[in-house]
Each structure stands twice: as structure tokens, then as C-alpha cells.
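Reading the structure
Residues per chain are reported as follows:
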Amino acid sequence: MTIELLETHKVFKGEQRKYSHYSTVLDCDMVFSLYLPEASEKQPTSLIWWLSGLTCTDDNFSQKSGFQKAASDQEVAVVIPDTSPRGEDVPDEDRYDLGKGAGFYLNATQEPWAKHYQMYSYLTEELPEIVHQLIPDFSGKESIMGHSMGGHGALVLGLKEPQRFKAISAFAPILTPSEVPWGKEAFSAYLGTDKASWKEWDATYLIKQVEQAPPVFVTQGTNDQFYEEQLKEDIFLKAAEGKTVQYQAEPGHDHSYFTIATFIKKHIQFHINELNR
């Protein structure tokens, strides 16, 4: 497989890199970003995955969140995949919440989506093999976080692979996609109308099933314009009883990267605490 380095930017004590490669799982060209602290050259380095939200690419988090200062200080690598397959031959819709930029981190089973929209397999099988080799001394320890649709993705991946991920965190995640408009539209298109097939991609169902869930940390702004319709936490928190879940409502904060920038240091510290246990 050919991996092409597209960009390198020195930032704090590390480098923000952008790569491209051809994905056999998604059958298209893909890009991803990787932050490598200088310390990765001389000591075992852990990895945090960041999954972005609707309409985003890897650039949104790398350019708007300011995460690099905390990652540099904590000497941790951070990888940022794209949100969906891309390219002229990849199916799309003329809307922001379905198609390109809206892969929902699942494996689609319905046409015309099934050929390319296999984001779960891409993130659990193909991309890890690439990213692990780019870290000079990878410790083998990983955790995962995300925002909105990416918060949904982080919870799903983390709960489906609890032995792999040491911790999960999310900003304004879609906690119960089977019950809200964003999730219903995406699941109907990608998975079909049989709601039984939706369960394996719904964090509320998954957290009830997993015996030993990784610790979960959620930040939700009280001024988030999507909160009431898309992001309510009640059903998820009830399902998560008995699990280690911290849910923090932050007064006055919204759905934007301003909120992420405000609390990203706290989230990275949460991950470091769990990665170092």
C-alpha cells in the first residue's frame, strides 16, 4: 500500500501531518491527519482516535480545536480520520446529514451505499494497520473520542471493541441514534428499515450489552442548538447505569468548536489517566 505524506506542520513539540492512501475497504482514496509528539521518537507512545461530526473532514479538528498543545504536553499521538468515503464515484445526497461527510461510522448494507460506506471496517481493520506503523514506538494503547456524529462513532467503536480502547469521550454525541431524526434518517438509508439491525450501531443498546465498558466521559453544552431534538441523554444514562460514565452539562456552551477548544485539555487528560493505568 502506498501512503503519501501531503503536509507537515511543526506545532508545539510535535508535528501535525496529513496523509493520503487508497482504501481497499472503502474503494476510494482517503486522507487522514496524525499528530506525532517529538517524544514518539524515543519512548513508547499511546494513540487517541478523534472522530469528527457531520460535514467535517480531518481538517476541522486539526485546525480549530487547539488540541495539539495538550497532546504535546502529554506526549500522546492523535489520529483524525475523515468522516466518510470521498470521490466522484462515491454515492452522495444533496443534504448535509447523509452521504459524503456523513458516514456515521457504520458498515452500510443497503444500496447504493454498501460498496463504499464501510467506515467501521475501515477504522477497525485497515486504517489502524497504517497508523500504528507511522508511530515510531507505538505502545499498543489506544483510546477514542469524537464530536456529535463522531461522538456517536467513538461510543460505538469503543463499546464494540472494549478490549482495544481504554477510554471513550465525546462532545455533544448522538447518544441514542435510533430515536432521533439524524439517526433514523441515516440508519434507514444505510441499514434498511428493519430496526433490529440498527441496534449494533446504537450506543444506548451497546452499553447495556457490554459487561466491561471502558470509562466514558461526555461534555454537552446547554446552549447546543441540537440538544433537545437530537442529543438528549436520558435514555442513554439510564441504560448506562452500573457503568463508569461521567456526563457533564456545561452552561452556555453550544455545538461548535469553541466548546471543543474550551474542554479539549480536560478530555485529553481523561484519556491519559486511563491510558496510563
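Conventions adopted
Residues numbered from 1 in each chain as written. Predicted model: local features only at pLDDT ≥ 70, side-chain atom pairs only at ≥ 80, totals over all residues. Heavy atoms only, no water. Helix = DSSP H or I, 4+ residues; strand = E, 2+ residues; numbered from the N terminus. Rg over C-alpha atoms; globule rule 2.2 N^0.38 Å. Buried < 20%, exposed > 50% of the residue type's maximum accessible area, 1.4 Å probe, protein only. Contact = heavy atoms within 4.5 Å. Pairing = 2+ DSSP bridges. Axes fitted to C-alpha atoms, helices over the stretch in contact; angles between N-to-C directions. Parallel < 35°, antiparallel > 145°, perpendicular 65-115°, else oblique. Left-handed = near helix turned anticlockwise from the far one by under 90°. Polar contact = N/O pair within 3.5 Å; in protein donor to acceptor, adjacent residues only side chain to side chain. Arc of directions from axis to C-beta. Salt bridge = Lys/Arg side-chain N within 4 Å of Asp/Glu carboxyl O.

With that settled, the discussion passes to the overall build of the protein. On a plain count of helices and strands, the protein comes out with nine helices and nine strands. What you see for the protein is a C-alpha radius of gyration of 17 Å, in line with the 19 Å of a compact globule of 277 residues. In terms of principal-axis extent, the alpha carbons of the protein reach across some 50 × 40 × 35 Å. With 277 residues in all, the protein has 58% of them scored as buried. Restricting to contacts in the protein with at least 6 residues of sequence separation, those with at least 24 account for 71%.

What holds strands together in a sheet is hydrogen bonding between their backbones, with the strands either parallel or antiparallel. Pairing is mixed across the open sheet formed by nine strands, whose spatial order is E1-E2-E3-E5-E4-E6-E7-E8-E9. The strands lining the two open edges of the sheet, one partner per strand, are strand E1 (3–10) and strand E9 (245–250). Each strand axis lies, on average, 20° off the axis of its neighbour in the sheet, ignoring direction. When strand E8 (residues 216–221) meets E9, the two strands line up parallel, connected through six bridges. Across the sheet, the residue bridging to Thr219 is Gln248, located in E9. Sitting on the sheet, helix H4 (residues 149–160) touches strand E4 (45–51), strand E6 (138–147), strand E7 (165–171) and E8, and the angle it makes with E6 is about 140°.

Their axes nearest at 9 Å, the elements helix H2 (residues 67–74) and helix H9 (residues 257–275) cross at an angle of 30°. Viewed along their axes, H2 and H9 adopt a mutual orientation that is roughly parallel. Where H2 crosses over H9, the handedness of that crossing is right-handed. Along the contact surface, H2 presents Phe67, Ala70, Ala71 and Gln74, while H9 presents Ile264, Lys265, Ile268, Gln269 and Ile272.

A few words on the side chain of Thr124. Checked against the element boundaries, Thr124 lands in helix H3 (residues 119–134). With relative accessibility at 16%, the residue Thr124 sits in the buried group. At a separation of 2.8 Å, a polar atom in the side chain of Thr124 contacts the main-chain carbonyl oxygen of Tyr120. Once residues within four sequence positions are removed from consideration, Thr124 is found in contact with Leu157, Glu161 and Arg164.

Let us now look at the pairing of E1. In terms of strand pairing, E1 meets strand E2 (residues 14–23) through seven bridges, oriented antiparallel. Paired with Thr8 across the strands is Arg17, a residue of E2. Connecting the antiparallel pair E1 and E2 is a turn made up of three residues, with Phe12 showing a positive phi of about 50°.

Moving on: helix H5 (residues 181–191). When we look at burial in H5, the residues that qualify are Trp182, Gly183, Ala186, Phe187, Ala189, Tyr190 and Leu191. Projected onto a plane normal to the axis of H5, the buried residues spread over an arc of 165° and lie on a single side. Of the residues one or two after H5, Gly192 is the one with positive phi, at around 100°.

So, about the pattern of salt bridges. For side chains bearing opposite charge, pairing can occur when the charged atoms are close. Across all of its chains, the model carries 14 salt bridges by this definition. Arg17 is paired through a salt bridge with Glu15; the nearest N and O atoms lie 2.9 Å apart. On the basis of relative accessibility, which here comes to 28%, the residue Glu15 falls in the partly exposed class. The residue Asp82 makes a salt bridge to Arg86 at a minimum N-O spacing of 2.8 Å. Salt bridges here are not isolated pairs; linked through shared partners, they connect Lys18, Asp58 and Asp59.

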